[in-house]
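# Remarks on the overall topology
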Amino acid sequence: MAAQPAAAAAAAAFVLAALLFGSPAAVAAVHGKGDMQVARDAPQRKLGGSGLASMLGKHVLLNGELWLMGASYFCISLVRTSLSDWSAIFLEEAKGMQMHTAARCLFAMESGGFVGSLVAGAASDRFFAGRRGPVVCICSSLLVPALVAILVLDSPLALQAAYAWVGFCAFPVHVLLGLFSREVTPQHLSSSAGGFVKCIAQVGGAVAGLPLGFLQQRAGWRGVFLLTACISAASALATLPLWFTMAQGATITARHGTVADFQQMQQAGSGRACGGGGLAALDSSSRPLRAADKKRL
């Protein structure tokens with residue numbers, strides 16, 4: 001039985017290795033640049049070891065927005081992992097479900113997550129102009145009543161619907177936070193930012209194991225689910241300050257740019273006039289744009 005998943009994983013890895021390009025630049029070289037941003041097509045200036053360390057410290061380790069994303073990611077990973085790991089035992093002990101019925105609840109959660117990820121991405125682009133913070137905050141908030149419903153409901157169909165709702169709200173947070181962390185940092189540090197936030201999330205997944213097991217022994221399943229509901233609310237509060245944060249590199253449409261766009265163009269131009277810019281010019285254009293800056297001239 002173990003050979004089948006291993007063979008499937010090996011086949012998928014072979015297909016990805018054969019078909020995926022190594023970088024966005026490779027895609028642009030084969031398919032043409034199209035409407036890709038000129039700033040992202042330009043070759044990146046290589047930084048020395050000390051320069052790179054300084055940039056990592058300033059834009060990753062000391063980036064308050066990334067820490068807020070990491071806090072939210074920590075909370076959601078804890079909630080999602082706890083449900084994945086403990087639901088079979090919880091449903092059998094507290095709800096009297098057989099194993100095959102409990103498995104349907106987990107299947108509903110995964111299916112809801114698939115649909116929710118697609119809906120959340122479309123909603124972020126269509127209704128919030130590419131801002132990820134509102135969708136992450138709303139999804140985290142909607143997890144609270146779903147977790148309370150799992151605690152109080154007894155009907156198998158109602159529980160499956162509650163688990164589907166949990167997946168619908170929890171999985172988009174994973175998808176969008178991974179993308180969000182890369183969008184608010186300079187392009188050459190995007191992978192470092194994503195890895196930093198994901199590292200914090202992994203700690204949350206680890207906490208869902210032994211610590212929650214100790215809590216269940218002392219406070220029962222009611223204590224566990226009430227705690228996870230509070231943690232979901234904390235995730236929403238962590239992303240509330242990111243409501244108006246936008247991705248870097250917003251393009252200027254037609255002739256009408258924003259004040260922030262014009263200032264960035266001036267700074268970038270002065271940096272190039274001084275011999276390629278340097279770290280100071282790179283830093284000046286690296287902050288994320290906010291919706292408050294979008295007042296049209």
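What this report covers is the structure whose coordinates are included nearby. (Residues numbered from 1 in each chain as written. Predicted model: local features only at pLDDT ≥ 70, side-chain atom pairs only at ≥ 80, totals over all residues. Heavy atoms only, no water.)

Pairs of aromatic rings are described using the distance from one ring centre to the other and the angle between the two planes. Within this structure, the stated rule accounts for six aromatic pairs. Ring geometry for Phe90 versus Trp221: centroids 5.4 Å apart, planes at 65°, classification edge-to-face. Of the two residues, Phe90 is situated in helix H5 (residues 64–94) and Trp221 in helix H10 (residues 210–239); the sequence distance between them amounts to 131 residues. Using a relative accessible area of 11% as the deciding quantity, one classes Trp221 as buried. Plain terms: the ring middles of Trp165 and Phe168 are 5.5 Å apart, the flat faces sit at 15° to each other, and that makes the pair stacked. (Phe/Tyr/Trp six-rings, centres within 6.5 Å; stacked < 30°, edge-to-face > 60°. Helix = DSSP H or I, 4+ residues; strand = E, 2+ residues; numbered from the N terminus. Buried < 20%, exposed > 50% of the residue type's maximum accessible area, 1.4 Å probe, protein only.)

Below, the discussion takes up the state of the cysteines. Within the structure shown, the criterion is met by zero disulfides. Not engaged in a disulfide, the cysteine Cys169 finds its nearest cysteine sulfur in Cys139; these two sulfurs lie 5.4 Å apart. (Disulfide = S-S within 2.5 Å.)

All right, on to the side chain of Thr228 then. Along the polypeptide, Thr228 turns up in helix H10. At a separation of 2.8 Å, a polar atom in the side chain of Thr228 contacts the main-chain carbonyl oxygen of Phe225. (Polar contact = N/O pair within 3.5 Å; in protein donor to acceptor, adjacent residues only side chain to side chain.)

This part is about helix H7 (residues 133–152). With 20 residues, H7 extends 30 Å from end C-alpha to end C-alpha; this agrees with the ideal 28 Å at 1.5 Å per step. In the core, the buried residues of H7 are packed alongside H5, helix H6 (99–127), helix H8 (156–183) and H10. (Expected span 1.5 Å × (residues − 1). Contact = heavy atoms within 4.5 Å.)

It is worth spelling out a nonpolar patch on the surface at this point. A cluster of nonpolar side chains, Phe114, Val115, Leu118 and Val119, forms an exposed patch at the surface whose accessible area comes to about 390 Å². Tracing the backbone through its elements, the reader meets Val119 in helix H6. Among the residues examined, Val119 registers a relative accessible area of 41% and is labelled partly exposed. (Patch = residues over 30% accessible without salt bridge, like charges linked within 9 Å, V, L, I, M, F, W, Y side chains within 5 Å. Areas by Shrake-Rupley, 256 points an atom, 1.4 Å probe, with all protein chains shown as cover. Salt bridge = Lys/Arg side-chain N within 4 Å of Asp/Glu carboxyl O.)

Tallying each qualifying case throughout the model produces three salt bridges. The residue Asp154 makes a salt bridge to Lys95 at a minimum N-O spacing of 3.6 Å. With Asp154 in the loop between H7 and H8 and Lys95 in the loop between H5 and H6, this residue pair connects regions lying 59 residues apart in the sequence. A salt bridge links Asp125 to Arg132; the shortest N-O distance between them is 2.9 Å. On the basis of relative accessibility, which here comes to 49%, the residue Asp125 falls in the partly exposed class. For Arg132, a relative accessible area of 9% gives the class buried.

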